[in-house]
Every structure is written in structure tokens, then in C-alpha cells.
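# Summary of the model geometry
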Protein chains: 2
Amino acid sequence: MDVDTRLLRYFRAVAEEGNLTKAAARLYISQPALTKQIRQLEDQLGATLFERSRSGMALTGPGSALAESIDAVLDAWDRAERAVRAADAEASKVLRVGFLASAANEKTQAILAAFRKRRPDWRVELRQASWGAPAAALASGEVVAAFMRLPFPNQEDCHLLELLTEPRCVAMAANHPLAQQETLRFEDLLDEPVIAAPGATGAFRDHWIGAEARGGRPVKIGAVTEHPDDWLTAIANGDGIALAPESAARYYARPDIAYRPLTGITPSTVALVWPKAARPTSVLGDFIAAAREAADRR
Amino acid sequence: MDVDTRLLRYFRAVAEEGNLTKAAARLYISQPALTKQIRQLEDQLGATLFERSRSGMALTGPGSALAESIDAVLDAWDRAERAVRAADAEASKVLRVGFLASAANEKTQAILAAFRKRRPDWRVELRQASWGAPAAALASGEVVAAFMRLPFPNQEDCHLLELLTEPRCVAMAANHPLAQQETLRFEDLLDEPVIAAPGATGAFRDHWIGAEARGGRPVKIGAVTEHPDDWLTAIANGDGIALAPESAARYYARPDIAYRPLTGITPSTVALVWPKAARPTSVLGDFIAAAREAADRR
DNA sequence: CACATCCATAACCGGAGGTTATCGATGCAT
DNA sequence: ATGCATCGATAACCTCCGGTTATGGATGTG
């Protein structure tokens, strides 16, 4: 019998959530679509995978059997995908590197230059990662390394090379009352709605709503965004304020957005990261060396 | 990225055949469909998997990387599928057993009775297997064992318990000139067209066209069939003659078909087979024991 | 030089995966 | 007890994708 890995991911989500509605939300599809898909999986396998009840979906015996076997399938496919992408990169001499927003800021060019010196025949392709699943492209081998801000989800599966640390500031609509002040304290922002990353990003989201400095004070989410453009628009729109690295003021300057220095909040660190699971190649080694060189020279 | 295992099988077929047209034929789809699918796989992976030329499709570097990783994925899924089916069988107390045509003939009832005595609360479900891929249902765990005639494709992946051996005879249209004779010699049939199993079945097909007794004499294929019904129809229709187990005369008697004893050809053996790959269960053990008991008592 | 082989393209059809809207059942809080 | 929130199932609909047949273009081959 054939399956789509998508179906397997769907199944896994439902098994983990124990709840169709929540699983559907997590998968960014509608609940009826998920209902249909799960039922179809059951039909194809000829087995009942879930016990439906008012309180949710509970795994049956066959369901548990599938849940236990499923990771092996998805992992095998991930490995296959990585192998193909690695071979393709080798063949076309392209190193694909992911980045979040402004990557390594002013250091980016130095790193790329240092790498070009080591591998003149290679080309570096920078790909923007979504905030929704910043590490997904790493896991699938779509990019072989990425410039990331710490922390991020599944960080423990990656090797890290810290590149720079910079203060965090606050971004808000230019006409926001607090923009009058030259400098702000984080305590002054506790009641402001905040523009946040998607909930699935865990520690990453928490870091950028300043959860660690709130002392348990609840936060009001003004909007959820996945890309810099949405993020900037939401801020300019007055949906809320947002924490941002200081460099955002240079890389994302706009007349309708004000960036203000902020006290009482820890700085942000940018690192080059690459998956522990991937077999390291010499080209990646050269890129890491280039990044290390550029990071040390300041 | 998501894939359907179907796509992976398609890719594997093309990689093995080195030829779109032949691969398409093997997969029972049209060549344009396969062209599209392979191209789509390449698009999704963002890599060229094949080098196209007038002489066929040759794997590129990324293509080879995929070819090497692909079996792990498909095997993992096979295992998952088997695990689910096993758990489902356990839960619903159904033992699914495959069979080809008349299964174990007169022994079948004795085996089932012996099993019922051991496991009164279980039910046996007999499923007919296609001649096109007689062992497919075994590999996927759709059936946990099967009554098969030896040899069959991928036989080496299975444990065997031989149940009975019976002479092979010849089946032909009732109005066929040779049907006049009470007994025939295999040498008399060498020029007759033969109804055969699909080419992919290898040794199975060879056995039933009597390849081992032809001494290299070429065989004329009158028709290719996958199921007893097609087979009987083709014979009655005069498309060709066919070798058949003696018991076919009892289980597939028809006024428009004549079965005649045959000399100069080896007999046919029926065995109960079960995959080596599957974790053996105690129920299956009981079924095997029941089969052994019924086979020994004669 | 005609033909066979092999892959690509075009036009078309049916089904499957997705969506929104809605319902029925059940548990919980007012 | 009533009303509301939650959860899964169903219905109606749209789009796209996987399949089909027919055909073309390039390239060896008898």
C-alpha cells in the first residue's frame, strides 16, 4: 500500500494532540480535512486507529502500533532527502544557507567573502527561513547551515557557532505615545500587546515576547506573524509592540516605525548552526571556518 | 518535503530499468504519466535525478543518492504497515491467509478445522492473491501467511511448509484437436500457444509454461492472465493451452474446458508460506501447527 | 531512406484534498 | 435547568493533480 508522508505527519499530530481540532490547527488545515484524511488512512489500512469520543481521539492498539513505527519512516525519508540535496549541492557547487531576517548583519558580507576566498568555484545561496518553522529547512537538508538567533526550536539537534551578540530594543508604531521617550524600560511595556511568532516555536517565541523578564506577568498577543514583512506591517499598524535586535533599526528602518533602546532585557545572540544529523562535508567545514574567522576579527 | 511512496516506487522502477517506457509498462501506467511524475519529483527536490538521452534515462549524482536511500524508506513503511495489520488482527482476532486459486485443495478444510480447535475464538479469512504479484500481500502484512504453489517470486524471503504434491496436467479448450487423446505427452504441446502469468513473476511464470522441460525451445504466449477467471476464459476461448495442477480438473471443471493427464512434466507442490521478516506470533504458530498436522495425516 | 525507439508535449477527464458552513452530542458553568 | 463551549461528523463546493490518449521531435538502425 502507498502512503503520502503528509498523511503520516497528520496522523502523528492527531496521535500527539489527542484532539482533531487542535491537531488541525497545528497542521494549518481545517478540521474537516483532517477528519477525512484520518478516516482515509484507516480505510486504506483496514484498521481502526482511533477511538472517537466527546473528549477527543484516543489511539487503539493498531493506532499505537502505527505511532511507534512512523518515526522510522519519516526519518528514513528525511535522510534520503538530505542525501539528495547534499549530492546536488556537490554537483552544482552551491552551498545553501538559511537566515532569519537580517542574518548575521554586517558580518554577513565578511563571512561570504572569506568563504569565497576558500572556495572560489562555489556559490552561496541565502534562503530566508520562516519564523513559523525556522529549523525545518535544516532538518530536510534544504539548507546545509543557517544563521539563527538563539534560542530556536530543536536547537539541541544542531551544532552552534556564536557569531555576535547585540542588545535588544523595542519596535513600535511611530505615532505610539511611548515613542516620545528616547529610552524605555522593559517594565513600561508590560501591558502593551505584543507581536509574536507562532505558538509552535516555543522558546523562540518566548524569548521575543520577553517572557523571561516578565516574572510570570501574562502577555497580551496583538498579532502573530511569520515573516518580517507581516511583522513590520503589524507594528506599523499599531497591533502591538515588538522586541527586536538593535540591528533591525538599520536593516528594517521605516518612517512609520520607531525603534527605541530598551533596558532591563537580555541581549540577542546570532549563531551559525548546522544539524548534528548531517554527515559533515568539507565545504561546510570551510564555510564554518570562514564564519569563525569573520566572527573573531572585529 | 512530503512524498508519496508511490512516487518513490516509480523512481526506483525508472532507475532500475534505465528507460521510461519500460518502467511505465512495468508499473502499469502510461509513459507520459511517468514522465510527469518523475519530473515532479525532480522539481520538488530541486535536483536533476536523471540524465535524459535518446538511449534512456541515466542516474545523475543526486539520482544515485536517492536510489541508495530509497529502500530504507519503503522498508520502514512496510514494517509500519505490517505492525498495524498485526495489531489489528490481534485486536479483532482475525487471521488473514492468502491463497492462489484452489489453495490447498481438499486439505484446506482439514487445516481450518484443526486451527479452529486450537483457537476457537479466532476467525480465518482467506484472501485470493493475484498471479501478477502473488507475494505482495505477504510483504505488506495484508495476509500473515499464504497457500502458494512453488516456486513463486521472492520465495527466498519466506519460510515454507510443504503440504502436498500433485501431478500437473494440461488444460485446453474442449474442442481442441488434442483433447481427443486421453493422455498427452508434454513434447506434443511444444508448438501450442500457452496462457501465461505476467512476465514480472519470473520463476513462477517459467514453471507454468513448463520452461524447464522445453530444453530451450521458444514458447508462444497466447495470452497473459492474472486471475483464474481470465485464465479459464482464455483457455475456453482457444487462446492457448495451459499447464494446471491435477486438482484444477475438480475445482475448475467447465464444459468448455478439457483437462488431460500429462507425462514428461514434473509435479506441482503446494506449501504454506509466511514471511521471514515478520515477527512470528503465537496465532500464526498455531496455524502452522494445524497445517502441519493436516498435511501429515493422509 | 524508411522505420523503430525513446522522451516530451498537449488536451482532456475524474478524483482527491482542501475550503466554509453547519449539525448533533456532550460536558461545564452560571 | 439553561446556555455556552468544545469536539467530531457531514455536506456542498472548488481546485489541482494523476491518470489517460494522441502526437511530435530527435536519434540510431536495417
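The name given to chain A in an unreviewed UniProt entry is LysR family transcriptional regulator, and the organism recorded there is Glycomyces luteolus. Within the UniProt record for chain A, the comment given under Sequence similarities (unreviewed entry) is "Belongs to the LysR transcriptional regulatory family."

With that settled, the discussion passes to the protein's contact with DNA strand D. Close to DNA strand D lie 24 residues, the nearest being Tyr10, Ser30, Lys36, Gln40 and Arg54 of chain B. Near-protein atoms of DNA strand D (within 4 Å) split between backbone and bases, with sugar and phosphate holding 69%. In this structure, threonine 21 of chain A approaches DNA strand D through a side-chain N or O atom, which is 2.9 Å from a phosphate oxygen. At 2.9 Å from a base nitrogen of DNA strand D is found a side-chain nitrogen or oxygen belonging to glutamine 31 of chain A. Put simply, the parts of the chain that give the surface near DNA strand D at least two residues each are helix H2 (20-27), helix H3 (31-45), strand E1 (50-53) and strand E2 (56-59) of chain A together with helix H1 (5-17) and helix H3 (31-45) of chain B. Take the surface near DNA strand D: its biggest share by element is five residues, from H3 of chain B.

Turning next to the sheet that holds strand E5 (residues 145-149) of chain B. Backbone-to-backbone hydrogen bonds pair the strands of a sheet. The strands run either parallel or antiparallel. Residue and element names in this part refer to chain B. Ordered by their spatial adjacency, five strands build an open sheet running E4-E3-E5-E13-E6, and the pairing between neighbours is mixed. On the outer flanks of this sheet lie strand E4 (123-128) and strand E6 (158-166), each paired with one strand and no other. The mean inter-strand angle of the sheet, taken between neighbouring strand axes irrespective of direction, is 20°. Bridge analysis of E5 against strand E13 (residues 268-275) gives four bridges, and the strand direction is antiparallel. Looking at E13, one finds that alanine 146 is bridged to valine 273. Along the sheet, helix H10 (residues 282-296) makes contact with strand E3 (94-99), E4, E5, E6 and E13, crossing E6 at roughly 25°.

Let us now look at the domain arrangement of chain A. Residues and elements named next belong to chain A. You can read the domains of chain A as domain 1 (5-74), domain 2 (93-161 + 272-296) and domain 3 (168-266). Each of domain 2 and domain 3 has a C-alpha centre, and these two points are 26 Å apart. Taken together, both faces of the contact between domain 2 and domain 3 bury some 1,400 Å²; the carbon and sulfur share is 64%. Counting the surface domain 2 buries against domain 3, the share from its top three residues, Trp131, Arg149 and Pro151, is 43%. At the boundary of domain 2 with domain 3, the tally comes to zero residue pairs in polar contact (both at pLDDT 80 or more). A breakdown of the residues in the side of domain 2 that touches domain 3 according to their chemical character gives eight nonpolar, five polar and two charged.

What counts and what doesn't
Residues numbered from 1 in each chain as written. Chains lettered and ligands numbered in written order. Predicted model: local features only at pLDDT ≥ 70, side-chain atom pairs only at ≥ 80, totals over all residues. Heavy atoms only, no water. UniProt positions renumbered as here; feature names shortened; annotations may be inferred. Near = heavy atom within 4 Å. Polar contact = N/O pair within 3.5 Å; in protein donor to acceptor, adjacent residues only side chain to side chain. Helix = DSSP H or I, 4+ residues; strand = E, 2+ residues; numbered from the N terminus. Pairing = 2+ DSSP bridges. Axes fitted to C-alpha atoms, helices over the stretch in contact; angles between N-to-C directions. Contact = heavy atoms within 4.5 Å. Domains from an automatic or database assignment. Buried area = accessible area lost by both parts, 1.4 Å probe. Nonpolar A, V, L, I, M, F, W, Y, C, P; charged D, E, K, R; others polar.

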